Amino acid sequence: MKRTIPVRLREGKDRSYEVLISPGALAQLPSLIASRWKGRSVFVVTDSHVNRLYGRTVTRGLVAAGFDPVLIDVPPGEESKSIDVYYAVLTALLENRIRRGSVVIALGGGVVGDLAGFASASVLRGVEFVQVPTSLLAQVDSSVGGKVGIDHHLGKNLIGAFHQPSLVVIDPLVLKTLPPREFRNGLAEIIKIAAALDRKFFSLLARNAAKLRPGQTAFLTRVIATAVGLKAAVVEKDEREAGLRKVLNLGHTLGHAIETASGFSLRHGETVAIGMVLEARMAATMGLLSIDHLMKIKQALEAVGLPTRIPGKLDMRRVHTSLALDKKGKDGMPLFVLPKAIGASAIDVPVPDALIRSVLA
Ligand code: GLY
């Protein structure tokens, strides 16, 4: 069942790395680290929730493999992608004498990966880091591709860097401890990748919605590997998001605005699902996408229990404010990634303000 996906980044010095996807991979992590970084100092950044579940297994394994790991534990949740928690992580790394040759292991979901990745990008002007994503969302999206960062009160991910990991280790077995809502959160990004890039993958997911469950290890391993492979191919061609990589932001322009306006009470994947359907509706109104494909996208999301409408209680003025601040925008006017068909998307599409207001209404 083991899969290895290479991410080939050859611009400048070779920064290529591998994504290892294998049930039971967490148990192999210490020996994987030892085979590449023996004798180096190792830091594990995690959150208190993941620490309770896997922290001891990982640190004990690292000790048995000859390391003296330093564990840095942050509070769980999006609030940890803040300047204060980032500063606290830097302080812990520096107080424990991090060196240029040290390695930081990000053990956790997207918040931990983004935060630990950004700390790794910036401390001592950059140290190597290993992504060990424990949520489905982080496994299929944020752990691969090198986008790391923290939030500003004006918006998500507004402070950050491109800093590629040296290795990504994905264990689908850890998904068994993931709450169902968190699992669905990751399914939204998988459906997004399929809707944006690969019609066949999309129909595999649509036909097998009932198998998209944590216990279906073999099927999930295949799905995660396919999603990672599709994302890796995009990152290889456009690491810095000059063009093509923007397709991965399908559903995210409206999604981010809705997520920020909800005060993060809606999960990232939920708002990406809502954003994807609203953006597909815009595309259909503009004559870019057929109604049939719009309905298929909506049905695929609903089949796995994801929301596809903005909840009634959301303050729409906050959605419009967040949209105006979106970093992907130009002169305050956001440009959209819109689906042209299932498996094909258009980037940088200017959408008339009246249309944005009508789909948000
Ligand atoms: N999450 C979108 C990207 O990595 O480009």
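Asks: It is not clear to me how empty space enclosed by the protein should be interpreted in this structure. Could you clarify?
Replies: Think of a ball as big as a water molecule: rolled over the atoms, this probe shows where empty space is left. Using the criterion set out here, one finds two cavities of 30 Å³ or more in the structure. Of the voids in this model, the second largest cavity is the one considered here, and its volume is about 30 Å³. Among the secondary structure elements, those contributing two or more residues to the lining of the second largest cavity are α7 (199–207) and α11 (291–303). Residues that form the lining of the second largest cavity fall into these classes: eight nonpolar, no polar and no charged.

Asks: Quick question: what am I supposed to make of the pattern of salt bridges here?
Replies: Should their charged atoms come close, side chains of opposite charge can pair. For the structure shown, the criterion picks out 19 salt bridges. The closest approach of N and O atoms between Glu 236 and Arg 8, which form a salt bridge, is 4.0 Å. Linking Glu 236 in helix α8 (residues 217–237) with Arg 8 in the loop between β1 (3–7) and β2 (17–21), this pair joins segments that are 228 residues apart in sequence. In this structure Glu 236 comes out as partly exposed when scored by relative accessible area, which is 29%. Judged by its relative accessible area of 42%, Arg 8 is partly exposed.

Asks: Would you explain the sheet that holds β2 in this entry?
Replies: Sheets are built from strands paired through backbone hydrogen bonds, the pairs being either parallel or antiparallel. Spatially, seven strands are ordered β1-β2-β9-β6-β5-β3-β4 in an open sheet, and the strand pairing comes out mixed. Each edge of the open sheet carries a strand with a single partner, namely β1 and β4 (70–74). Going from strand to strand, the sheet's axes swing by 15° on average, the running direction of each strand aside. Where strand β3 (residues 42–47) lies against strand β5 (residues 103–108), five bridges are found, and the strand directions are parallel. Counted as the bridge partner of Val 44 is Ile 105 from β5. Running at roughly 165° to β4, helix α3 (residues 83–95) makes contact with β3, β4 and β5 of the sheet.

Asks: Hey, could you run me through the layout of surface pockets in this one?
Replies: Volume-wise, the second largest pocket comes out at about 400 Å³. Lining of the second largest pocket is provided by 18 residues; of these, Lys 13, Arg 15, Glu 128, His 163 and Gln 164 occupy positions nearest its centre. The residue makeup of the lining of the second largest pocket, split by class, is five nonpolar, five polar and eight charged.

Asks: Sorry if this is basic, but what is going on with the packing of helix α12 (residues 316–324) against helix α13 (residues 353–360) here?
Replies: Pairs of packed helices are described in terms of their axes, by the angle between the two and the distance that separates them. It is at 12 Å that the axes of α12 and α13 come closest, and there the two elements cross at 145°. The way α12 lies across α13 gives a crossing that is right-handed. Taking contact as the criterion, the partners of Met 316, Val 319, His 320 and Leu 323 in α12 are, on α13, Ile 356, Arg 357 and Leu 360. Of the residues assigned to the contact of α12 with α13, the class counts are five nonpolar, one polar and one charged.

Asks: What's the story with helix α4 (residues 110–122) in this structure? I'm lost.
Replies: Given 3.6 residues to a turn, an α-helix orients residues that are three or four positions apart in the same direction. With 13 residues, α4 should cover 18 Å at 1.5 Å per step; its first-to-last C-alpha distance of 18 Å lies within 8% of that length. Burial of α4 is extensive: 12 of the 13 residues sit out of reach of the surface. Turning to α4, its buried residues are Gly 110, Val 111, Val 112, Gly 113, Asp 114, Leu 115, Ala 116, Gly 117, Phe 118, Ala 119, Ser 120 and Ala 121. Just downstream of α4 lies Leu 124, where phi reads positive at about 50°.

Asks: I would appreciate a short explanation of unusual backbone geometry in the present structure.
Replies: Among all residues save glycine, negative phi is the norm, and among peptide bonds the norm is trans. Phi is positive for Asn 157, which is not a glycine, with a value near 55°. Looking at the element boundaries, Asn 157 is found in strand β8 (residues 155–162). Note on Asn 157: relative accessible area 25%, which makes it partly exposed.

Each value, and the rule that gives it
- Residues numbered from 1 in each chain as written.
- Predicted model: local features only at pLDDT ≥ 70, side-chain atom pairs only at ≥ 80, totals over all residues.
- Heavy atoms only, no water.
- 1 Å grid on protein atoms, 1.4 Å probe; cavity = no way out; pocket = protein on both sides within 12 Å on 5 of 7 lines; lining within 4 Å.
- Points joined across faces, edges and corners; volume = space filled by probe spheres on them.
- Helix = DSSP H or I, 4+ residues; strand = E, 2+ residues; numbered from the N terminus.
- Nonpolar A, V, L, I, M, F, W, Y, C, P; charged D, E, K, R; others polar.
- Salt bridge = Lys/Arg side-chain N within 4 Å of Asp/Glu carboxyl O.
- Buried < 20%, exposed > 50% of the residue type's maximum accessible area, 1.4 Å probe, protein only.
- Pairing = 2+ DSSP bridges.
- Axes fitted to C-alpha atoms, helices over the stretch in contact; angles between N-to-C directions.
- Contact = heavy atoms within 4.5 Å.
- Left-handed = near helix turned anticlockwise from the far one by under 90°.
- Expected span 1.5 Å × (residues − 1).

Purely spatial values, then, with no claim about function.
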